[in-house]
Every structure is written in structure tokens, then in C-alpha cells.
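A structural walkthrough
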Amino acid sequence: MTHDFARVRGRSTSRLRGVVLTVAAGAVAIGAAITFSGTADAATTLGASAAASGRYFGTAVAAYKLSDATYLGILSREFTMVTPENEMKWDATEPSQNTFSYANADRIVAQAVSQGARVRGHALAWHQQQPGWAQSLSGTALRSAMLNHVTQVATHYRGQIYAWDVVNEAFADGGSGARRDSNLQQTGNDWIEAAFRAARAADPAAKLCYNDYNTDGQNAKSNAVYAMVQDFKTRGVPIDCVGFQSHFNSASPVPSDYQANLQRFAALGVEVQITELDIEGSGTAQADSYTRVTQACLNVAQCAGITVWGIRDTDSWRASGTPLLFDGSGNKKAAYTSTLNTLNGAGTSVPPTTTPPVTTPPTTPPVTTPPPSGGACSAALSANAWTGGFVITVKVTAGASAVSTWSVALTLPSGSALTNAWNAQATGSSGAVQFANVSYNGRIAAGGSTEFGFQGTGTPPTAVSGCTASLA
Ligand code: G3I
């Protein structure tokens, strides 16, 4: 996947250059993937820090708040992507049929342009926030009106949108894996692909996303979205990205398989984007959750960026849960600091760059250590399975010494097959399989850990059979 560095504002790109050079020098000196703490050369805004790895950091914006100096100050200082919170929705842009109203959305786009940020368009087709006239239509009349809306709005903003949420929240909650029973769904099951084709025709340069909530971990709803994306890719329906809204609170915390879920979608050949992040809470617990989400995006190469759903807690659609990165006065919260530090690479393994590293043979022979006893490394497996398939996350932990390479062995149950792996190189696809580190995650500090994952069909393995590592 390519990230568009050129359109990131100048301050960010020069910061990017500095980080890359620092890493390259370090890689030559030690001849291996290295860990950088990001303290001395750390960027000081969310946007610049995200740009260091080619990503964006965005926020939802309300047009009527652009006259608030505190709000505008934080927006223009911190964010490199902007999503109109309500102003591009159907009720806002087409209040009467075929009469379009773009003033508020245009103000937000103009602000984004003036601060060198890009725009996520939200949302072309959705069962909510439809104008009254559309709610009263059905069948062919509604289908035609929806497609006309998609075409008109995407054409108005042609060339100005990084990614469109073409279709929003089209799947039902719960375990059915079914489409949501909306007026749009009742126009025919192919309404989603029809919307995507219309959007592509209107603005060929925009990335086209499907966006939803409660799809942040693996469950019946996300499996259904996954199957739709897979089907679209197979049949050539234009889709470029999947948005994971990521609205979290104590009843719906960050799922343990959040990263694995992003990764399995990325493996379908789409970009993944965190589109509406907010996490209710406060203090360290909230800060830690923001760290987990941010690190998950950084760990998935195809995760293009993170958008938070508002700037200050008081700007949030659920303000009482204080779910954002700035308090009501615009002060940075602990969650801001943890997010910034994570973006700046604290504890993140980065690959060596263009200069080939000097290879030093390990001085100590590889040691095989079956978990859970101590030794060079151990590996623990967690599984998320559904009927006929599974995703496994494996945590590899170094023993008392740092390691420079590692390999994990396990046996898949009879009839099961590996379909893809991430953050590891797999050998074999059934029976006994092995996973070796890739270039950027072989080195693990003493007592530290890294994660890789894989996906398969059939029933999941329940344990690893061994972890082998070379001491650093
Ligand atoms: O603008 C009117 C104002 O004139 C009126 O006085 C006031 C009285 O209620 O309502 C104002 O409009 C509200 C609008 O937000 C602007 O504040 C609407 O009633 C209210 O329904 C609307 O809520 C938005 C909600 O989507 C609608 O579904 C939230 O701001 C917005 O944050 C939220 O965003 C959604 C995403 O689009 C999709 N994913 C979930 C996310 C959170 O619900």
C-alpha cells in the first residue's frame, strides 16, 4: 500500500525525513532491526507523529464550531485528516430532492485545505440521517434517488476527498450476520455494490470505503462484512478500504483481537482505517486503551490512519463519557500523551532501511524452548474461531536475554489449513507449520514480546509446540 506523503503538510514531511535518517544510521551501526524510543527526535503533534510512519491522524469536525478559537487552534495544530461529522450526510446535502446544499461541508473542506489536511467524506448512503423525502420513498424510486445522491455529491467533491464512506452501517448487530433491514436494503441486496460503482464513476481518485461499528473484533457482524469485501474483490466491485468506527466504552471495550481483525481485512487487499475512535473513561485506563488502538494501527502496514470522533470531550456525541483526547477546556489529557508517545514509536520495532545491515552470525546456537518454561523464548496462542475458520494471535516473549531471530512451531488439526499470516513468514500450510520472524520483528528485548498472527480454515490449533530463538 502507498501512503501519500506528498500531500502531508511540510512540517510533517521534514519530521518524517529526520526519523528515517535516524533509523537508517542506527540500523547500519547494529546491523539489525532496532527499537527507537522516539524521545530525542519525537514529533510534538498527533499529525506529525503519525506522518513519521506515513499515516494520518484525523478528527471529526463540526462546521459551526470553526468559529471557536480554541477548537480551531487545536484542529489546525494537531490533525492531518478531517471528517465532516454531519455536514456531508444525505439530510445535510440534499434537503429537498435534487436540490443540493453544500455550504457547511464546503467550509470544512476549505478549512482542511487551508491547514494542509485531507478529507474523509462521510457518508454517501446510510439508513440514518436521510432527508424526510427519501424516507418516504421505496423500491426503484429510492434506489434511483440514492444513486443520484451518490453521483451528485461525489461529483461535487471530485478530487478533494481522500476516502469516501460510500456505505455506512449496512449490517445488523447480533449474531445473524445478516444485512440490516433498512429501506435501502429493501431496494435489493445489490444496493451496496451499486452505490460503490456509482461513487467510483463519479470520483475515480477517491478511495471507496465500507464503514461500520461493532466490527472492531471478529464476530458474526465483522465476519459478514469480511465475506462481502472478499466477494467484492473477487467480482471486481470497486472497494478500496474498510472503516472500523471503534466507539469503545466499558460495555464494549477494545477487543483483544482488534489488531488481528484489522490484519485479516488488510489481507483481503483493502486499506483499513480507524474512522470514528472514541473511548469512554479517564486517566491511565483510558490512556492505555488509546495506546492499544494506536499500536494496533501501527502494527498493520495497511492501516492508513486514525480519526478520532471529535476534538474535546465536550465536542463528543457522548460527552458525558469524556471519550476524547482533549478536555473541555482544550487541555491535553493522559490519553493524548499516550497516543502521541505511541505514534512516536515508543517500544516499536522498525525495519532497517536501504543500507543493507551487516549480518553477524549468532554467537550462541539457537535454543528450543517449549513453553511455558524459561529459556530463549516462549510463545502463547490465543484463538478466535467461528464455524469453519479461525484467526490466531501468537505472542512471542524473549527469555532473560534479548533475541535476534525466532521461530514458532505448531501443528494444525487434521483437515485445517493455513490461508495467510502476518508479521511472520509461514512454512507449510497444513499439519506441522512453522512461523519465522520477518525483517522488522526478529529482535526482541530481554523479557519483551512481539505478536504475529495467522488465519485458517477448519478448526483452530490450541497450543504451540515450540519456540526457537537465536540470542542477540
Ligand atoms: O443541528 C441540529 C440543531 O439545529 C438542533 O437544535 C439540535 C437539537 O437536537 O439538533 C442538531 O442536530 C443534531 C446533530 O447531531 C448536530 O449536533 C442531531 O439532532 C443529531 O441527531 C446529530 O447526531 C449525530 C449522529 O451521528 C446522528 O446519527 C452526531 O452529531 C454524530 O456524531 C453521529 O455520528 C455517527 C456517525 O455519523 C456514524 N457512526 C456513529 C456516529 C455516532 O453516533
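Basis of the calculations
- Residues numbered from 1 in each chain as written.
- Predicted model: local features only at pLDDT ≥ 70, side-chain atom pairs only at ≥ 80, totals over all residues.
- Heavy atoms only, no water.
- Helix = DSSP H or I, 4+ residues; strand = E, 2+ residues; numbered from the N terminus.
- Expected span 1.5 Å × (residues − 1).
- Buried < 20%, exposed > 50% of the residue type's maximum accessible area, 1.4 Å probe, protein only.
- Core = buried A, V, L, I, M, F, W, Y, C linked by side-chain atoms within 4.5 Å.
- Contact = heavy atoms within 4.5 Å.
- Near = heavy atom within 4 Å.
- Polar contact = N/O pair within 3.5 Å; in protein donor to acceptor, adjacent residues only side chain to side chain.
- Areas by Shrake-Rupley, 256 points an atom, 1.4 Å probe, with all protein chains shown as cover.
- Disulfide = S-S within 2.5 Å.
- Phe/Tyr/Trp six-rings, centres within 6.5 Å; stacked < 30°, edge-to-face > 60°.
- Axes fitted to C-alpha atoms, helices over the stretch in contact; angles between N-to-C directions.
- Parallel < 35°, antiparallel > 145°, perpendicular 65-115°, else oblique.
- Left-handed = near helix turned anticlockwise from the far one by under 90°.
- Pairing = 2+ DSSP bridges.
- Salt bridge = Lys/Arg side-chain N within 4 Å of Asp/Glu carboxyl O.

Between its terminal C-alpha atoms helix α11 (residues 283–299) stretches 24 Å, which fits the 24 Å expected from 17 residues at 1.5 Å a residue. Residues of α11 that are buried: Gln286, Ala287, Tyr290, Val293, Thr294, Gln295, Ala296, Cys297 and Leu298.

That bond from His122 to Ala123 is cis: its omega, -5 degrees, falls within 30 degrees of zero. Relative to the assigned elements, Ala123 resides in strand β4 (residues 118–126). A positive phi angle is found at Glu169, which is not glycine, with a value near 55 degrees. Within the fold, Glu169 resides in the loop between β5 (163–168) and α8 (191–202). The phi dihedral of Asn214 falls on the positive side, at around 55 degrees, and the residue is not glycine. Inspection of the secondary structure assignment puts Asn214 in the loop between β6 (207–212) and α9 (220–235). A residue is classified by how much of its surface remains accessible, and Asn214, at 34% relative accessible area, is partly exposed.

Moving on, we come to the nonpolar core. Counting residues in hydrophobic clusters, the biggest one holds 88 residues, and the most contacted among them are Trp164, Val167 and Phe196. A total of 7 residues in this core trace back to one element, the largest contributor, which is α8. Other than its neighbours up to four places away in sequence, Trp164 contacts Met88, Gly121, His122, Leu124, Val153, Ala154, Tyr157, Ala206, Lys207, Leu208 and Cys209. One finds Val396, Ala398, Trp406 and Phe454 within the second-largest nonpolar core, a separate group that totals 24 residues.

Here α8 is 12 residues long and its end C-alpha atoms lie 17 Å apart, about the 16 Å a rise of 1.5 Å per residue gives. With 9 of 12 residues buried, α8 lies mostly within the body of the structure.

What follows covers the site of the ligand. As a matter of local geometry, the ligand sits amid 14 residues, with Glu85, Lys89, His122, Gln129 and Glu276 nearest to it. Separating an oxygen atom of the ligand from a side-chain N or O atom of Asn86 is a distance of 2.9 Å. For the ligand, an oxygen atom lies 3.0 Å from a polar atom in the side chain of Trp309. Protein coverage of the free-state accessible area of the ligand, which is 790 Å², stands at 48%.

Take the environment of Ala48 next. Looking at where Ala48 falls in the secondary structure, it is placed in helix α2 (residues 46–51). We classify Ala48 as buried; its relative accessible area is 6%.

Looking now at the state of the cysteines. Within the structure shown, the criterion is met by 3 disulfides. With its sulfur 2.1 Å from that of its partner, Cys377 forms a disulfide with Cys467. Across the disulfide from Cys377 to Cys467, rotation about the S-S bond amounts to roughly -120 degrees, and the bridge is consequently left-handed. Of the two residues, Cys377 is situated in strand β13 (residues 377–386) and Cys467 in strand β20 (residues 466–471); the sequence distance between them amounts to 90 residues. With its bonded cysteines labelled in order along the sequence, the protein shows the pairing 1-2, 3-4, 5-6.

Aromatic rings in a pair are described by how distant their centres are and how their planes are angled relative to each other. Under the defined criterion, the tally for this structure stands at 12 aromatic pairs. A centroid spacing of 5.9 Å and a plane angle of 90 degrees characterise the contact between Phe171 and Tyr210, whose relative ring orientation is edge-to-face. Placement of the pair is Phe171 in the loop between β5 and α8 and Tyr210 in strand β6, with a sequence separation of 39 residues. On the basis of relative accessibility, which here comes to 0%, the residue Tyr210 falls in the buried class. Between Tyr226 and Phe265, the ring centres sit 5.4 Å apart and the planes meet at 80 degrees, which makes this aromatic pair edge-to-face.

Let's shift gears to the environment of Val113. Of note, Val113 is situated in helix α5 (residues 103–114). With relative accessibility at 59%, the residue Val113 sits in the exposed group. Separated by 47 residues in the primary sequence, Val113 and Gln160 have C-alpha atoms spaced 9.0 Å apart.

As for its placement among the helices and strands, Gly177 is situated in the loop between β5 and α8. C-alpha separation for the pair Gly177 and Asn219, spaced 42 residues apart in sequence, amounts to 8.7 Å. Contacts of Gly177, omitting those with residues within four sequence positions, involve Phe171, Ala220 and Ala224.

A word on the packing of α9 against helix α10 (residues 258–266). Across the interface, α9 lies against α10 with an axial gap of 10 Å and an inter-helix angle of 15 degrees. Compared by their axis directions, α9 and α10 come out roughly parallel. The two elements α9 and α10 cross, and the hand of that crossing is right-handed. Contact residues: α9 offers Ser222, Asn223, Val225, Tyr226 and Val229, while α10 offers Asn261, Arg264 and Phe265.

This part covers the pairing of strand β15 (residues 403–411). Of the pairings in the sheet, the one linking β15 to β20 comprises 6 bridges and is antiparallel in character. Looking at β20, one finds that Val408 is bridged to Cys467. Of the pairings in the sheet, the one linking β15 to strand β18 (residues 432–436) comprises 5 bridges and is antiparallel in character. Counterpart to Ala409 in the pairing with β18 is Gln434.

What follows concerns the pattern of salt bridges. Working definition: two side chains of opposite charge can pair if their charged atoms are close together. In the structure shown here, the tally under the stated rule is 16 salt bridges. Measuring nitrogen to oxygen at the nearest pair gives 2.9 Å for the salt bridge that ties Arg235 to Asp231. Of the two residues, Arg235 and Asp231 are both situated in helix α9; the distance of 4 residues between them amounts to about one turn of the helix. Relative accessible area serves as the criterion here: at 43%, Arg235 is assigned to the partly exposed category. We classify Asp231 as partly exposed; its relative accessible area is 31%. A salt bridge links Glu280 to Arg318; its shortest N-O distance comes to 3.3 Å. Residue Glu280 is located in the loop between β9 (271–279) and α11, and its partner Arg318 is located in the loop between β10 (303–308) and α12 (334–343); the two are separated by 38 residues in the primary sequence. You can call Arg318 buried: its relative accessible area is 15%. Counted as one network, the salt bridges with shared partners bring together Lys65, Asp68, Arg312 and Asp315.

Geometry only, nothing functional implied.
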